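What follows is each chain in one-letter form.
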Amino acid sequence: MLSHQFALPFREAAPYINTFRGKTFVLAVSGETIDNGHFPRLAPDINLLVSLGVRVVLVHGIRPQIDKLLAPHGLARQFHHHRRITDDDTIDIVKQAIGLARLDIESALSAGMPNSPMHGAHLRVVGGNVMTAQPLGVVDGVDMQYTGQVRRLDTQAIHSWLANGDLVLISPIGYSPTGEAFNLTMEEVATETAIALRAEKLIFLIEGIGVLDEDGDLIHNMTAQQAEERMAAGLVNEEAQLYLPYTVRATREGVTRAHLVSDSDDGALLTELFTSTGSGSMIARDPLVKLRPANIDDIGDLMALIRPLEEQNILVRRSREWLEMEIGRYTVLEHDNRIYGCVAMHPFHEAESAELACLAVAPERRNSGFGELLLRHVEYQARTQGLASLFVLTTKTAHWFIERGFSEMAPSELPEERQRLYNTQRRSKVFAKPL
């Protein structure tokens, strides 16, 4: 039993480990995360990502570090439209703040004490002048001076470092061709970096846990369009407001997924990346859940999905050869490119009816509404073929179908062709629903 409990997380994580190996992740860590002491807890998990073959670019912020250095010098904080106005004195403070933040980050990533998660690790942290910047200029009559924006990224240098197994550390400062330094925002730098590198993921580590709905519950998944709609309606909680626009832009411009993950919940980063449920909010350009026709390459996944139900006598046993012959009748449900459900439809055109068969959903997703999606899909398929009703044979799930509009009928009411195949020993109950 103990062995099973130990092995289970590894089995769940294995597909993600395989998928992420060699992929580029851009992690964005705020200056607050460094300043409040949360980063040392994140460091072992970041190190683990690199050891698993993930190519990690870490972008950090420096807002509180700048503020703490301004006060002793008698300098005031100056902002316009939530952007810091960086004058001659402030740009010198920015340079100091970057040095302090980088030292804290590199120190935490270098820790390898015995009995620690990073014992024996030799993570190399590299970085340099890879960010070309330009001045933001005059905004609404206000000269932003040494506040800048990203102009260009040296992706060749970054890819070279990543290919060597190094972690690339990028600070929110860029240089012009004339040698001037410009203060940038962490959010913009992380987003532009993810887009330029065509990263698999852009991950913001934030003070909250992600995007919350009106009841205060975490929204685990949403499309870029859904995120835009929430922003337009003013339905984004304060912790996510700053970051959500950047996740939308990143996914609109080629980044596969963007995430908002807690910086203080121990293990939240790994949970978000290596479990099917996650711990934060994931934003994608397209819907994460999709239905598609099954193909021959799905046979292994289908068998793994339905075998436990066959062993419980919930589904009729189907051989691999039978599935291969009937694969054209099956639809699979994918979530984030992994199959979590399936269903088959067998039409009986002379009877103007269709059978819904082999409806199966993975145990860990049975409360996700996936069964409903598969049922509605079959109903739609049957309607488009001009069929008038849908029926199902079941021994264990009668109430589920009754709750969704099915009524019991006698096996003798089945289409004649289907009656001949009825298993009198199994004695399945028959339920039908008009379409």
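Residues numbered from 1 in each chain as written. Predicted model: local features only at pLDDT ≥ 70, side-chain atom pairs only at ≥ 80, totals over all residues. Heavy atoms only, no water.

Chemist: Before we move on, could you go through the overall build of the protein and cite the residues and values that matter?
Modeler: Each helix and strand in the protein was counted, giving 16 helices and 23 strands. Overall size of the protein, expressed as C-alpha extent along the three principal axes, is 90 × 55 × 40 Å. With 435 residues in all, the protein has 49% of them scored as buried. Intrachain contacts of the protein at a sequence separation of at least 6 include 70% that bridge at least 24 residues. A total of about 21500 Å² of accessible surface is found on the protein, and carbon and sulfur atoms cover 49% of it. Put simply, the protein has 42 plus and 56 minus side-chain charges, and the middle of one group is 7 Å from the middle of the other. (Helix = DSSP H or I, 4+ residues; strand = E, 2+ residues; numbered from the N terminus. Buried < 20%, exposed > 50% of the residue type's maximum accessible area, 1.4 Å probe, protein only. Contact = heavy atoms within 4.5 Å. Areas by Shrake-Rupley, 256 points an atom, 1.4 Å probe, with all protein chains shown as cover. Lys, Arg positive; Asp, Glu negative; His and termini not counted. Charge placed at Lys NZ, Arg CZ, Asp CG, Glu CD.)

Chemist: Talk me through the side chain of Lys-201; I want residue IDs and the actual numbers.
Modeler: Along the chain, Lys-201 falls in strand β13 (residues 201–206). Residue Lys-201 is classed as buried on the basis of its relative accessible area, which comes to 3%. A distance of 2.9 Å separates polar atoms of two side chains, one belonging to Lys-201 and the other to His-259. (Polar contact = N/O pair within 3.5 Å; in protein donor to acceptor, adjacent residues only side chain to side chain.)

Chemist: If you had to explain the packing of aromatic side chains to someone new, which residues and values would you point to?
Modeler: Taken as a whole and judged by the stated rule, the model has eight aromatic pairs. For the pair Tyr-146 and Phe-182, a centre-to-centre distance of 6.1 Å together with 40° between the ring planes defines the contact as tilted. Residue Tyr-146 is found in the loop between β8 (142–143) and β9 (148–153), and its partner Phe-182 is found in strand β12 (residues 181–183); the two are separated by 36 residues along the sequence. According to the relative accessible area criterion, Tyr-146 is partly exposed, its value standing at 23%. Taking relative accessible area as the criterion, Phe-182 reaches 3% and is therefore assigned buried. Following the ring pairs from residue to residue traces out a cluster consisting of Tyr-16, Phe-20, Phe-25 and Phe-274. Arg-365 extends its terminal NZ or CZ atom over the ring of Tyr-340, reaching a point 5.1 Å from the ring centre. (Phe/Tyr/Trp six-rings, centres within 6.5 Å; stacked < 30°, edge-to-face > 60°. Lys NZ or Arg CZ within 6 Å of the ring centre and 35° of its normal.)

Chemist: Now, about the sheet that holds strand β15 (residues 257–262): what can you tell me, with residues and values included?
Modeler: Taken together, eight strands build an open sheet; the order of strands is β5-β10-β2-β1-β13-β15-β16-β14 and the sheet is mixed. The sheet is open, and its two edges are formed by β5 (125–126) and β14 (221–223), each paired on a single side. Note: strand β1 (residues 24–29) against β13, five bridges, orientation parallel. Along β13, the bridge assignment pairs Phe-25 with Lys-201. The strands touched by helix α3 (residues 39–51) within the sheet are β1, β2 (55–60), β10 (167–170) and β13, with β2 carrying the most contacts at an inclination of about 155°. Lying over the sheet, helix α10 (residues 244–252) contacts β13, β15 and β16 (281–284), oriented at roughly 155° with respect to β15. (Pairing = 2+ DSSP bridges. Axes fitted to C-alpha atoms, helices over the stretch in contact; angles between N-to-C directions.)

Chemist: Lay out the packing of α3 against helix α5 (residues 88–110) in plain terms, naming residues and giving numbers.
Modeler: Relative to each other, α3 and α5 sit at 55°, their axes nearing to 8 Å. One element, α3, and the other, α5, form an angle in the oblique class. Judged by the twist between their axes, the crossing of α3 over α5 is right-handed. Contacts between α3 and α5 pair Phe-39, Pro-40, Ala-43, Ile-46 and Asn-47 from the former with Ile-105, Ala-108 and Leu-109 from the latter. By residue class, the composition of the contact of α3 with α5 is seven nonpolar, one polar and no charged. (Parallel < 35°, antiparallel > 145°, perpendicular 65-115°, else oblique. Left-handed = near helix turned anticlockwise from the far one by under 90°. Nonpolar A, V, L, I, M, F, W, Y, C, P; charged D, E, K, R; others polar.)

Chemist: So, the pattern of salt bridges: which residues are in play, and what are the values?
Modeler: Taken as a whole, this structure holds 21 salt bridges when the rule is applied. Linking Glu-106 and Arg-102 is a salt bridge whose minimum nitrogen-to-oxygen distance equals 3.9 Å. Of this pair, Glu-106 and Arg-102 both sit in helix α5, four residues apart, roughly one helical turn. Taking the relative accessible area as the measure of exposure, Glu-106 reaches 28% and is therefore partly exposed. For Arg-292, the salt bridge is made with Glu-334, and the minimal N-O distance between the two is 3.0 Å. (Salt bridge = Lys/Arg side-chain N within 4 Å of Asp/Glu carboxyl O.)

Chemist: Pulling in residues and values, what's your account of the nonpolar core?
Modeler: Phe-39, Ile-46, Leu-49, Leu-58, Leu-109, Leu-167 and Leu-356 are the most contacted members of the largest nonpolar core, which has 80 residues in total. No other element matches the nine residues that α5 contributes to this core. In this structure, Met-131, Met-222, Val-248 and Val-255 belong to the second largest nonpolar core, which totals 41 residues. (Core = buried A, V, L, I, M, F, W, Y, C linked by side-chain atoms within 4.5 Å.)

Bear in mind that shape data such as this cannot, by itself, settle questions of function.
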